[in-house]
Every structure is written in C-alpha cells, then in structure tokens.
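Okay, here's what each chain looks like letter by letter:
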Amino acid sequence: MAKIEILQLAHFSVRGVVQGVGFRPFVYRLAIKYNLKGWVCNTSEDVKIEVEGEAEAIERFYFELQSKAPPLARIEGITISYHPLAGYTSFEIRHSITEEGKYQLISPDIATCQACLNELLNPNDRRYRYPFTNCTNCGPRFTIIEDMPYDRPKTTMRYFQMCPQCQAEYDNPLDRRFHAQPNACPKCGPQLQLVDNQGKQVIATLTQTISLEGRGLKGDPIATASQLLKQGRIVAIKGLGGFLLACDATSATAVKTLRQRKKRSSKPFAIMVANMDKVKRHCCVSSQEEKLLTSPQSPIVLIKWKNDSPISREVAPNLQYLGVMLPYTPLHHILLRDTGLPLVMTSGNLSEEPIAKDNDEALRRLSGIADYFLIHNRDIYSRYDDSVAIVEREVPQLVRRARSYAPYPVHLTFKAKQILGCGAEMKNTFCLTKDNYAFVSQHIGDMENIETLEHFNSTISLYKRLFRIEPEIIAYDLHPDYLATKYAQELGDSGRGEHARPYLIPVQHHHAHIASCMADNRIESPVIGVAFDGTGLGTDGCIWGSEFLVADYHSFARAGHLEYLPLPGGELAIKRPYRTAIGYILSLLGESALKQGLTFIPELSSGQVSEAEIEIIKRQMERKINSPLTSSMGRLFDAVSALLGIRTEIDYEGQAAVELEMAAYTHQCAEVSFRHCEERVSQSSERSEEDEAISDSKESYPYRIIMENGGIRIVQLSELLSAIIADLKRGVSPGKISFKFHSTVAQIVNEMCQLIANKTGIKQVALSGGVFQNRLLLRKTIYLLENNGFQVFTHKQVPCNDGGISLGQAIVANFAVAS
Ligand SMILES: [Zn+2]
Ligand SMILES: [Zn+2]
Ligand SMILES: [Zn+2]
C-alpha cells in the first residue's frame, strides 16, 4: 500500500543573531536534507523561511533549525505559520529585503576559527599567511558594518571586488564562505603594508628584500615587523577595532620605552601569546579561564601571574594578575608565530584618548610612540577596544565590555521604552533600550577630552541607526560637570521639529549601579544594594561612594554609608592618596595621631611632603575650602594604602586600592587562594579550603555602627584607623594589615546588610561599583553574606565599574516615566 503523504507549507520567522553567522547556508543544507522546497531570505528584522514538503519532514526541519544552528547564531525566537501550498520546485536563497523601521541583532566580531587557521598555516593553501582570511564562522562583523541588513555593499569591504575563486565560494551554498561578506584572498582582498613612522613604505610584498638600518631583511610585511619586534622596536598594528601597540613583553627596555612614549608610567598592559601552552608558561590558569581565553570572543583575561614567568614585570608593575589574550585575527596568529615572543598589545592611543582606527589618524597620533606601522586598506567603521574579563567563582565577569561582546544586548525582563542612558564619566559607555533589549555600547573611554566625546557621539548615531532607535527619554548622572551630563542636557534642549523634545531624567549614580546589577541578573524585586566606588554625586551634594540602598528600578532609599570625611584638595587628594590619609586622620583622631601615623607614609617621613603642604591641608579642612565631604569606599582604600606606605601617589584610577589588594596576597592566608596551577585547577574540595582561608574573618579591626536621626546607619571609622596605626607601630606587616582591613570591610557589609534585612525582610543583596573589582574583597564579602543566608548578585554581562552605569540609568528612567 502506498504511503499517504501529507504536504504542508510552513513559514518561519527566525529572530536573534542570525545574519553574518552562516545561517542561510545552514537552512539551505537542512532543506535539501529533508527534500523541502521553498526559499530563505534575510530581512531587516529576521530571517524568513518558507518550506513546502512532507509534514513529518517539516517537523524534523523545525527541530534541527533550533537544535543544530551554527555556533555563532543566537536564536531569540521562532514564529511558525502554515499556508496553502505554493508548488515550489526548488529551494533557493533569495535577495535580502530592507524594511523601514525594522531592526535585528548584529553579530560582534569573532576570533579566527580553526578551519581558517588551518588554511592560514598550510603552505599549499591559496590563503597561506593571508592576514584577512575569514569565513561565515569567524572574522570581522560589527567593526565593518555601516548599516543593516548585513550585506557586503553595506560594509567597508564594498571596495574590494571578489576574484572568480572567491566569488565561487561566496555563491556556493555548500561552501564555508557562502555569503561571508568579508570574504577575500591575496588576489582580491585587502593588503598589508609596513611603513615607518613618517608613513614611508618599508615593505609591501611577499618577496621584497629591503635594507633596514644597514641589514638586509627578507620577507613579507609581517615577517619584517616580527624582526623589528624582536629587535625591541615598537610596532603599531591595525587590528579589528583599531590600532594596537606591540612590543616584546620580555624586554624591560622595550616596555619601558613604550611606557615613556605613551605617557603611561605604570598602568598595566595586556599581552598576547601564541597559544594556551604559552599562557600556562606565564600564568596559573583555571579550566574556566582557559575556556574563556579560547572562546570565540577571545577577551583579555586577568589571570594569576607566575613568579618565574620571563615576562618583564614592567608590563604590570606591582601586580600579581596579568591581562592575557590569545591571537584573534589571522594577522595576530602569524605575527605571534613569527616572533615566537609574548607581545605587549595595548590600545593605540596616547594615555586616555580613544583608540586610533584610520591609517592617517594613526600615523598622526601615534608617530611619537611607534617606530613602525603595520597598516592595511580595509577600513574600520566602528572603533573597538579589546574586552577585559575575569573569572570569579567559575563565572566570567566583564570588566571592560567591547570587542566581541558589544553590540549584543542585555536582555530585559520587561519591554522598555526607547531611552538613551548617557553614563557617567570614567570608563564610559552609553545604553540604548528598545523592546526587551538594552544595547550597551562598547567601552568608549574616560570622557575627558574632545576626541572621546566625538567617539561617544558618533557611536550613539551608529547604534541609533542600526537598531532604529529614536530615544524619547534621556537619562544622565546628577553630576553637572560630566561631559555626558552636558551632552544629555543639550539633547534635551535641542528637541524640536519632527521629534518631540525628549524627557530628561537625572539618575543618582549609585542607584544606577544597583539597577544595572539587577538588570544584569534579571531581578525585579527590591534588593539591598551595596554600591562601593570612588566618586558619585549624592542627592545631598556630598560625594557618595559606600552606599547601602534599599532599591528597585523605581526608587531607592539610602539605608547607610561610611561617615562623611573630608577630601582636602578634592581631585588632588584622589591623585595623592596621602592627602586623603592626612584628612582622615586629622578629622578622626586629631593632631597627635597625625604625627604618629605620618611616620609610616614614606613621603612624609622623608620630608618629601613639606610642612607647608600639611598646613595647607589643615587650613582647607578647617575653613572647608575645596575640601568636599565624601563617604567613598574607594577613598578609604586609598587612605589605608597610603598609610601603609604602599601607594601614596597614583598615576591610574584605582592604583592605590589595587596595590593594597596585592599586598594582602603576600599575607599567608591569602596565599592559599592563589596557590599554583596544578593545585588550583585540580578540584573543588580545594575551593572550599580556599574559601575558608580567604574568608577567615576572625582577625579584623573594630568599627562602630550608629543610627542617625533620619534612620540612616553610619559606619564610624576612628577605631579602625587607630587600630591600623597601632598595628603599624607594633611592626605588623602591611600585607597582614591589608588582609585584616579587607576582612573588616567585608564584615561591615555583612553586618549592615543584616541590620537592613532585620528591618525590611529583604534577603537579596546586589553588589556593584568599581571597588568590587577587588577580588579579595568580593570573595570575602560573598562568603560572609552567603553564610548568613543572603542571596548575592554580582555583575556578569556589564562591568561593575562605571562602564555599567548607563544600563542602570536607562532602566531607572524607564520606570520613572512609567510610574
Ligand atoms: Zn573561519
Ligand atoms: Zn579572491
Ligand atoms: Zn561609580
């Protein structure tokens, strides 16, 4: 008896990251496999599929569509509907359709895949050593896209006409490069050049021999650049999202030269090494850290640095973590293999300016830093730094969110209005919301100069265009002097014509931190929010920074904080933590204690800081001139760091606190938490031992919690400070004092949360703010809170520092208008 065939025609709409990731060829192959007829097509908002065939086959097709999608696809939703048969005779891939007002998610750039790497290293392959090799599974995306739908004419690859061979790959649905928009080969694609810092071409072909500083060097631009790097030169390399500055990481001289020229005396550099084996030569790597390093996102991961690593300590002075990444473009792979060296790879900019992206711009801005430039003619459309992550408690957390993460959105638990959150000032990002998405921008930088503001502005325009967002609400920080605040206010004033003037909603800095952490964890119910950072303007005009809030998306109440203390000289105290220490000792313990305490601050005991400066500080405090009050936790870390003689002046944000944390690791107990790899990677029984060791809080300093009139709890610090001075006098090591201090802060958090929970019944705690980049503090705090029955939330997708502020602002603004 003949089988009865039930024929159907099904229409699918697939949403998510489904363009530029090999989705249509996958659909094509699937349709062929199940003998289905019809078509597939990209539109501005989805991938549309129509298949006609046996009902059972369509069911299988649907199942595999979800379960076997290409690795980089992220399906957010599939809708299916059934229609009358159309009588298709084949399956085809149709031209893309552009639709007004529709948008879809965009794939970030993806590290070189194994298949492309194999071709790159195979001398018989036509793409042997070709630095722009890519396929539908890897390569540039967001950095070259000017608009959607994602097609070659809308990317910076449009200037390159594919050769017949590349075109054939591009047109063949069964090829790995089918519709790979940046597809290229040495014959038809972008080319590298090596130029000197005057822009003069040094080498541009594969076989040219040149005379360089009296030596004949043979090879292509990459081989020559490798030689130069081995000689200790600094080479600027055009990468995916901008220029990186490279030098030999094992050469103290090269690294020092780079520091001098870049005007960056001690802020750590990241390094790139050829492969995992090499990473393990320099660092103690856990299995989760390895997973993150080798992921398609390939971020910089901060990992425990081995003492016997040959990488120069100049790369990250006084630090025990090293920022490491693996090669993520073909160019990097070849370069790292050719040099055989770990290379410093740091953003191509002068101190805090944005990363340089165009050839001319790089030559203009970086000629005082780099000796040579490895440039190419594929334009970068969107500027992008490398992302930075850590792994804490087995979970990756982003510290800087940029390449390969942005512009993938944070998913919200509610449908948001169209809002722009402008962020704060340091490490800034912006956030645009629409539907269930929060598009947090890539790291833009410190909003301190006109270049960064321009980068901020043009990136906002790009996101608005790509995701079809026209914000009706603008959220910004309370601080009136931030460039981002001024930017928001100008937008508010300029609304006219076709768009109504947007609402302006100011959002308190720490409320934004906590809302950001809540959104990051998809929680909506009220939390006890602990926001610890350096600076954030409060609603009372003081500088807040150790905030215990009872908060949700709608509102917050301040439940407690460290007592207010003066910052003599304001900004100057932030740059010179010894001033903060003097201010704190004077106000808490008085003149006599100052004399004792100061003997431990080297600059003071050695007379580098004059009596006159101390007198000025006293006067500033007495007369309250340029001596703002702060409850900042960051400043307390600064003051203790200075008091212990660890760091009295800084040259990058957070340095005093970071070095104070590092000192704690020299203390015996903390050592356990960073024992060597073999042990560290081994097992979880170890982890509990580790937890106990770092969380042993029996040894801590005294403090006092009092209740102020308004019902706000204040943590008083005089006993803490005098106990630290007493320990110093007894000759206790700075490492041990630092360890005890960390325990004390964790205990303060735990006790305050308990007091707040007693009153409110809330048992969920959200930790946010840059201070929680301190991993020792984070671990101790989580340990105590969890043992005390709290559920603790920390950041994952966006940074806990001010890079996460814009997300919180947008969400608070959304609810401010809704209510
Ligand atoms: Zn590939
Ligand atoms: Zn070609
Ligand atoms: Zn902050």
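Quick caveat, the model's predicted, so the values are computed rather than measured. (Residues numbered from 1 in each chain as written. Chains lettered and ligands numbered in written order. Predicted model: local features only at pLDDT ≥ 70, side-chain atom pairs only at ≥ 80, totals over all residues. Heavy atoms only, no water.)

1. Side note on the overall build of the protein chain
A count of helices and strands for the protein chain gives 26 helices and 32 strands. Projecting the C-alpha coordinates of the protein chain onto the three principal axes gives extents of approximately 95 × 70 × 60 Å. In the protein chain, which comprises 819 residues, the proportion classed as buried is 62%. Contacts in the protein chain between residues far apart in sequence, at least 24 positions, make up 71% of those at least 6 positions apart. Carbon together with sulfur atoms contributes 50% to the accessible area of the protein chain, which is approximately 30800 Å² in total. Of the charged side chains in the protein chain, 90 are positive and 92 negative, and the gap between their average positions amounts to 3 Å. (Helix = DSSP H or I, 4+ residues; strand = E, 2+ residues; numbered from the N terminus. Buried < 20%, exposed > 50% of the residue type's maximum accessible area, 1.4 Å probe, protein only. Contact = heavy atoms within 4.5 Å. Areas by Shrake-Rupley, 256 points an atom, 1.4 Å probe, with all protein chains shown as cover. Lys, Arg positive; Asp, Glu negative; His and termini not counted. Charge placed at Lys NZ, Arg CZ, Asp CG, Glu CD.)

2. Overview of the sheet that holds strand β20 (residues 410–421)
With respect to topology, four strands assemble into an open sheet ordered β21-β20-β22-β23, the strand pairing being mixed. Edge positions in the sheet fall to β21 (431–440) and β23 (503–507), since each has one partner strand and no second. Neighbour-to-neighbour, the strand axes of the sheet open up by a mean angle of 55 degrees, direction not taken into account. When β20 meets β21, the two strands line up antiparallel, connected through six bridges. Bridge assignment links histidine 411 to a residue of β21, and that residue is tyrosine 437. Set on the sheet, helix α11 (residues 450–466) makes contact with β20 and β21; between it and β21 the angle comes to about 160 degrees. (Pairing = 2+ DSSP bridges. Axes fitted to C-alpha atoms, helices over the stretch in contact; angles between N-to-C directions.)

3. Looking at the sheet that holds strand β2 (residues 37–42)
Within the open sheet, the five strands sit side by side as β4-β1-β3-β2-β5. Their pairing is mixed. Two strands close off the open sheet at either side, each with one partner strand: β4 (74–83) and β5 (91–93). Mean inter-strand twist for the sheet, computed between neighbouring axes without regard to direction, equals 15 degrees. Bridging between strand β1 (residues 7–17) and β4 involves nine bridges; their strand directions are antiparallel. By the bridge assignment, glycine 16 is partnered in β4 with isoleucine 75. Strand contacts of helix α1 (residues 23–33): β1, β2, β3 (47–54), β4 and β5, with the helix running at about 175 degrees to β5, the strand carrying the most contacts. Across the sheet, helix α2 (residues 55–67) is in contact with β1, β3 and β4; its angle to β3 comes to roughly 150 degrees.

4. Here's the deal with the coordination of the zinc ion (ligand 3)
Protein-derived ligands of the zinc ion (ligand 3) are His509 (NE2), His513 (NE2), Asp533 (OD) and Asp802 (OD), with the metal-ligand distances lying across 2.1 to 2.2 Å. Bound by four donor atoms, the zinc ion (ligand 3) shows angles of 87 to 165 degrees at the metal and therefore irregular coordination geometry. Each donor residue of the zinc ion (ligand 3) belongs to the same chain, and together they define the spacing H-x3-H-x19-D-x268-D. Of this pair, aspartate 533 sits in strand β24 (residues 527–537) while aspartate 802 sits in the loop between β32 (791–793) and α26 (805–818), and the two are 269 residues apart along the sequence. Each member of the pair, aspartate 533 together with aspartate 802, is buried. (Donors = N, O, S within 2.8 Å, 3.2 Å for Na, K, Ca; no water. Tetrahedral: all angles 85-135°; square planar, octahedral: opposite > 155°, others 65-115°.)

5. Some points on the coordination of the zinc ion (ligand 1)
Around the zinc ion (ligand 1), the protein contributes the donor atoms Cys113 (SG), Cys116 (SG), Cys135 (SG) and Cys138 (SG), at 2.3 to 2.4 Å from the metal centre. Around the zinc ion (ligand 1) sit four donor atoms, and with donor-metal-donor angles ranging over 102 to 121 degrees the site reads as tetrahedral. One chain supplies every donor for the zinc ion (ligand 1), spaced along it as C-x2-C-x18-C-x2-C. Residue cysteine 113 is located in the loop between β5 and α3 (114–121), and its partner cysteine 138 is located in the loop between α3 and α4 (164–171); the two are separated by 25 residues in the primary sequence.

6. Details of the packing of helix α24 (residues 734–760) against helix α25 (residues 775–787)
Running from N to C, α24 and α25 point in directions that differ by 40 degrees, and their axes come no closer than 9 Å. On the basis of their axis angle, the class for α24 and α25 is oblique. At the point where α24 passes α25, the crossing takes the right-handed sense. Contacts between α24 and α25 involve Phe739, His742, Ser743, Val745, Ala746, Gln747, Val749, Asn750 and Cys753 from the first element and Leu776, Leu777, Lys780, Thr781, Leu784 and Leu785 from the second. For the contact of α24 with α25, the residue count by class is nine nonpolar, five polar and one charged. (Parallel < 35°, antiparallel > 145°, perpendicular 65-115°, else oblique. Left-handed = near helix turned anticlockwise from the far one by under 90°. Nonpolar A, V, L, I, M, F, W, Y, C, P; charged D, E, K, R; others polar.)

7. So, helix α10 (residues 359–366)
An α-helix turns once per 3.6 residues; consequently, residues spaced three or four apart project the same way. Regarding α10, the residues found buried are Glu361, Ala362, Leu363, Arg365 and Leu366. Those residues of α10 that are buried are in contact with β6 (192–196), β10 (235–238), β11 (243–248) and β17 (372–376).

8. Topic: the pairing of β2
Within β2, five of the six residues are buried, which leaves it mostly tucked inside the rest of the structure. One ladder, built from six bridges, connects β2 with β3; its direction is antiparallel. Within β3, the position partnered with glycine 38 by the bridge is valine 51. Note: β2 against β5, three bridges, orientation parallel. In the sheet register, valine 40 faces β5, and the bridge partner there is isoleucine 93.

9. Points about the pattern of salt bridges
What the rule picks out here adds up to 43 salt bridges. One salt bridge in this structure joins glutamate 591 and lysine 618, with 2.9 Å as the shortest N-O distance. A residue pair is termed long-range when its members are at least 10 positions apart, and glutamate 591 in helix α15 (residues 577–598) and lysine 618 in helix α17 (residues 611–622) qualify at 27 residues. Several salt bridges converge on common partners, so that one network encompasses Glu119, Arg126, Arg127, Glu169, Arg176 and Arg177. (Salt bridge = Lys/Arg side-chain N within 4 Å of Asp/Glu carboxyl O.)

10. Brief notes about the side chain of serine 627
Summarising the element assignment, serine 627 is placed in the loop between α17 and β28 (629–630). The class for serine 627 is buried, based on a relative accessible area of 10%. With residues near it in sequence (within four places) discarded, serine 627 still touches Pro566, Leu567, Pro568, Gly569, Gln620 and Met621.

11. Some points on unusual backbone geometry
The peptide bond linking alanine 406 to proline 407 adopts the cis configuration, its omega dihedral lying at 5 degrees. A positive phi angle, close to 55 degrees, is found at histidine 179, a residue other than glycine. Structurally, the position occupied by histidine 179 is in the loop between α4 and β6. What makes histidine 179 partly exposed here is its relative accessible area of 22%.

Treat this as a map of the structure, not an account of what it does.
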